[in-house]
Amino acid sequence: MAKDFSEMEDSNRSSNPSIHEVSDPERRLWLRGGLGLSLGGLLGSAGAIGAIGAIGGLGGCASGSAAGGPGPALGFAPLRPSVADRVLVPEGYTVRVLAPWGEPVGLAGAMPAFKFDGSNTAEEQAAQMGMHHDGIHYYPLDGSRRGLLCLNQEYTDEHLLHPDGQATWTLEKVRKSQAAHGITVIEIEQRPDGWQMVRPSRYARRITATTPFRIGGPAAGHVLMRTNADPAGETVLGTLSNCASGMTPWGTYLSGEENWANYFTAADVPTAHERRWGIRKATWYRWPEFDPRFDTVRNPNEPNRFGWVVEVDPMDPDSVPVKRTALGRAAHEGAWVAVTKDQRAVVYSGEDAVFEYIYKFVSRDAIRPAGKGQTAAQANATLLDHGTLYVARFDADGTGRWLPLVHGQGPLTAANGFADQGEVLIKARQASDLLGATKMDRPEWVTVDPTSGWVYCTLTNNSQRGAPGRPGVDAANPRAQNTMGQIIRWKEAGDFSGLEFVWNHLLLAGDPANERPEARGNIKGDIFAGPDTIAFDQRGVLWIGTDFSATSQGEFARMGHNQLLACNPVSGEVRRFLVGPSRAEITGATWTPDGRTMFINIQHPGSGSPRDGSNPRQFSNWPDFNPTGRPRSATVVVRRLDGGVIGA
Ligand code: FEO
Ligand code: CA
Ligand code: CA
């Protein structure tokens, strides 16, 4: 989600040391080349590719990036920046809208048509595509011809959701807002006239802010998870702020609960725990006035039940989704899985807030294959409930270390406020503060190079870096007033479960023409800012979706609208592939297994922020161009006119 810099969550006031050393990419690139010890990691990566490839995610085409070859060719003519209110793709490609907000998802017996005046009811919205599409993944039912899309609906814009906008609030409007949040599953197939939604479909599903979730892992039943409505602390209603997505080798979908803190109201003087998590009196929405769950004075533990990675089995519409507390509580952007040599799952995640952290979880047990009468998802139903969580420390010499968040180890003791492992996980930020983890510039998506095993993470921006009273620059976050963002990458020593790694920056984003040296960056090729989505395709191309200034002015003036770029991770070459409509963000990227269809999401056309007070209808009417309608977030389909592999 786009954020005004002035409104970004800024609650990490811990005193972890900063390194105060500028980045030295040359040195770290040398370290990368010298990593003979990482062969084991490569084997682990190959294991992950095999498992993931089996269900249509990352494919097996080698790019040569690990061996220092040329990397994948970028076979399209790059776009120039644009400020048109439309989606642009290179010559020889087509883009079409597949699934915008408000379209019925295909629940049998409940397929209400979208009303352009915003007058659909809450009940109707619960059967329609939610708002503000974000992370997305394709799950094949019939290879590259028919499958499921599972996607996140991150937040709502009340200007668009209701006929009279947000001038007044009622319980019905709150219910509609809640129904437009969450996660959606739709069935799609390729027909002679292109990709279409299959409706009705037995797989169609809406998970909203009121759908029951089971709590899994060490915090299940914890005293800090219990509420009057759920005295056992084992069931939560709903998921919120579902931002980025990952998929597992066992066929499930992982979604991060990111900006959940902004849904809860605190007392005039919040508790220390609430302050550390950014929960204040002010909220983005007025839900607490109508739904007491979101009033922490009446329900102090309810916020502890959000901020988790949630797991959904899109193939089983009757399955109960689960909040995986072993992965730690955070402003989770998302979660991404790698596999160790001995088939344990490693889950990377970051939290998108200024000066927060990057985590990894290593499962205790190995991934189990599907069994007799049991799907792989069912066989691994509790895999992510047992394991060890770590937080990253990036050192100035280009190495790094994973610090365990384990109760009783180091400072994570009762004397320091952690009664047990459940409390360590619920208060993962406070635990990471004590461990001296590195405070990052807003970690967003993570992706693992299927060829080399290097792990990439977008650090989208942090204009607070170096501000008075705030942490200064360090090696991993090397620019003060960082309005542009960077992409960091690391290689685990030995295996994805290793405790040490080496790291460097793929690039620092920016525009060489900017006046401020800190805003110039070092991109080889097309300029951009605000890297957010990042994902490898089957050929080893690194795709980067951006989320920078909605207005494309000032330092961003030469960049145009938000965009999707392709990068050769070996050479570092970047080419602009797609440009979005006005004030939209480009997010989510997933492919059919043959690499010939790409699905991406256009989020919040017309709206830079849910809090900027402007009505998105002033700035965009994409994709319908209906003068009485509303701009709509949508999943779009990108194809080549000759049916070839995207980007090749
Ligand atoms: Fe929801 Fe960090 O973007
Ligand atoms: Ca973002
Ligand atoms: Ca994002």
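Residues numbered from 1 in each chain as written. Chains lettered and ligands numbered in written order. Predicted model: local features only at pLDDT ≥ 70, side-chain atom pairs only at ≥ 80, totals over all residues. Heavy atoms only, no water.

Chemist: Quick question: what am I supposed to make of the pairing of strand β28 (residues 573–579) here?
Modeler: Look at any regular strand and the pattern is simple: side chains alternate between the two faces of the sheet. Burial analysis of β28 places five of its seven residues in the buried class, which makes it a mostly covered element. Sheet analysis places strand β24 (residues 524–525) next to β28, joined by two bridges and oriented parallel. Bridge pairing links G525 to V574 in β28. Relative to β28, strand β27 (residues 563–567) is paired through five bridges, and the arrangement is antiparallel. Within the sheet, the bridge partner assigned to L564 lies in β28 and is L578. Following β27, the chain reverses through five residues before pairing antiparallel with β28; G572 in that reversal takes a positive phi of roughly 85°. (Buried < 20%, exposed > 50% of the residue type's maximum accessible area, 1.4 Å probe, protein only. Helix = DSSP H or I, 4+ residues; strand = E, 2+ residues; numbered from the N terminus. Pairing = 2+ DSSP bridges.)

Chemist: How do you make sense of the sheet that holds strand β23 (residues 500–508) when you look at a structure like this?
Modeler: Within a beta sheet, neighbouring strands are joined by backbone hydrogen bonds and run either parallel or antiparallel to one another. Pairing is antiparallel across the open sheet formed by nine strands, whose spatial order is β13-β14-β16-β17-β18-β23-β22-β21-β20. Since the sheet does not close on itself, it has two edges, and those belong to β13 (336–339) and β20 (443–448), each with one partner. Recorded for the sheet is a direction-independent mean angle of 30° between the axes of neighbouring strands. As judged from the seven bridges shared by strand β22 (residues 486–492) and β23, these two strands associate in the antiparallel manner. (Axes fitted to C-alpha atoms, helices over the stretch in contact; angles between N-to-C directions.)

Chemist: Just checking my understanding: could you explain the coordination of the calcium ion (ligand 2) for this structure?
Modeler: Put simply, a metal with four donors set out as a tetrahedron has ideal angles of 109.5 degrees, and one with six donors set out as an octahedron has ideal angles of 90 or 180 degrees. Coordination of the calcium ion (ligand 2) by the protein involves E444 (OE), D532 (OD) and D547 (OD), with metal-donor separations of 2.3 to 2.4 Å. Read in sequence order, the donor residues for the calcium ion (ligand 2) give the motif E-x87-D-x14-D. Here the calcium ion (ligand 2) and the calcium ion (ligand 3) are spaced 3.7 Å apart, linked through E444, which binds each one. Of this pair, E444 sits in strand β20 while D547 sits in the loop between β26 (542–546) and β27, and the two are 103 residues apart along the sequence. The same class applies to E444 as to D547, namely buried. (Donors = N, O, S within 2.8 Å, 3.2 Å for Na, K, Ca; no water.)

Chemist: When you look at the pattern of salt bridges in this model, what are you seeing that I'm missing?
Modeler: Side-chain pairs of opposite charge can arise where the charged atoms are in close proximity. All told, the structure shown has 35 salt bridges when counted by the stated rule. Ionic pairing is found between E103 and R199, a salt bridge with its closest N-O pair at 3.8 Å. You can see E103 sitting in the loop between β1 (93–100) and α3 (122–125) and its partner R199 sitting in the loop between β5 (194–197) and β6 (205–207), a full 96 residues away along the chain. Of the residues examined, R199 reaches a relative accessible area of 36% and is grouped as partly exposed. For the salt bridge of R175 with D291, the shortest nitrogen-to-oxygen distance reads 3.2 Å. Of this pair, R175 sits in helix α5 (residues 171–179) while D291 sits in the loop between α6 (272–276) and β11 (309–312), placing them 116 residues apart in sequence. Owing to a relative accessible area of 34%, R175 belongs among the partly exposed residues under this scheme. We classify D291 as buried; its relative accessible area is 7%. Ionic contacts of the salt-bridge type, sharing partners, join the residues R276, E351, E356, R429 and D433 into one network. (Salt bridge = Lys/Arg side-chain N within 4 Å of Asp/Glu carboxyl O.)

Chemist: In this structure, what is going on with the coordination of the calcium ion (ligand 3)? I would like to understand it.
Modeler: Donor atoms from the polypeptide that bind the calcium ion (ligand 3) are E333 (OE), E444 (OE), D532 (OD) and D532 (OD), placed at 2.3 to 2.7 Å. Motif for the calcium ion (ligand 3), donor spacing along one chain: E-x110-E-x87-D.

The quantities given are spatial measurements derived from coordinates; they are silent on function.
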